[in-house]
Amino acid sequence: MTKSEIEANISHLHAHLVEAPDLSEADKVALRNEIGDLQDKLALLEFRNENADIDFGWHDQTDF
């Protein structure tokens, strides 16, 4: 999944959670869990992109 697809799915699930007052508590919890899973995937995707070129500095080049 791409970043935009994940964001679209999160937005869709948020809208469904707000606009469907007849959901049971279990359904609401399931939707929140799915939103949380997608947010985790999005955060991991962003983390990988941000830290693609990490300079570990002097400690990376020495053996202890």
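Residues numbered from 1 in each chain as written. Predicted model: local features only at pLDDT ≥ 70, side-chain atom pairs only at ≥ 80, totals over all residues. Heavy atoms only, no water.

A. Representation of helix α1 (residues 3-19) within the structure. Taking 1.5 Å per residue, 17 residues should reach 24 Å; α1 reaches 24 Å between its end C-alpha atoms and fits that length. For α1, the complete set of buried residues consists of Ile 6, Ile 10, Leu 13 and Leu 17. Down the axis of α1, the buried side of the element spans an arc of 65 degrees, and every buried residue falls inside it. Opposite the buried face of α1, by more than 90 degrees, sit the exposed residues His 12, Val 18 and Glu 19. (Helix = DSSP H or I, 4+ residues; strand = E, 2+ residues; numbered from the N terminus. Expected span 1.5 Å × (residues − 1). Buried < 20%, exposed > 50% of the residue type's maximum accessible area, 1.4 Å probe, protein only. Arc of directions from axis to C-beta.)

B. Broad picture of the nonpolar core. With ten residues, the main nonpolar core is built from Ile 6, Ile 10, Leu 13, Leu 17, Ala 20, Leu 23, Leu 31, Ile 35, Leu 38 and Leu 42. Every element with two or more residues in this core is listed here: α1 and α2 (25-50). Contacts of Leu 42, omitting those with residues within four sequence positions, involve Lys 3, Ile 6, Glu 7 and Ile 10. (Core = buried A, V, L, I, M, F, W, Y, C linked by side-chain atoms within 4.5 Å. Contact = heavy atoms within 4.5 Å.)

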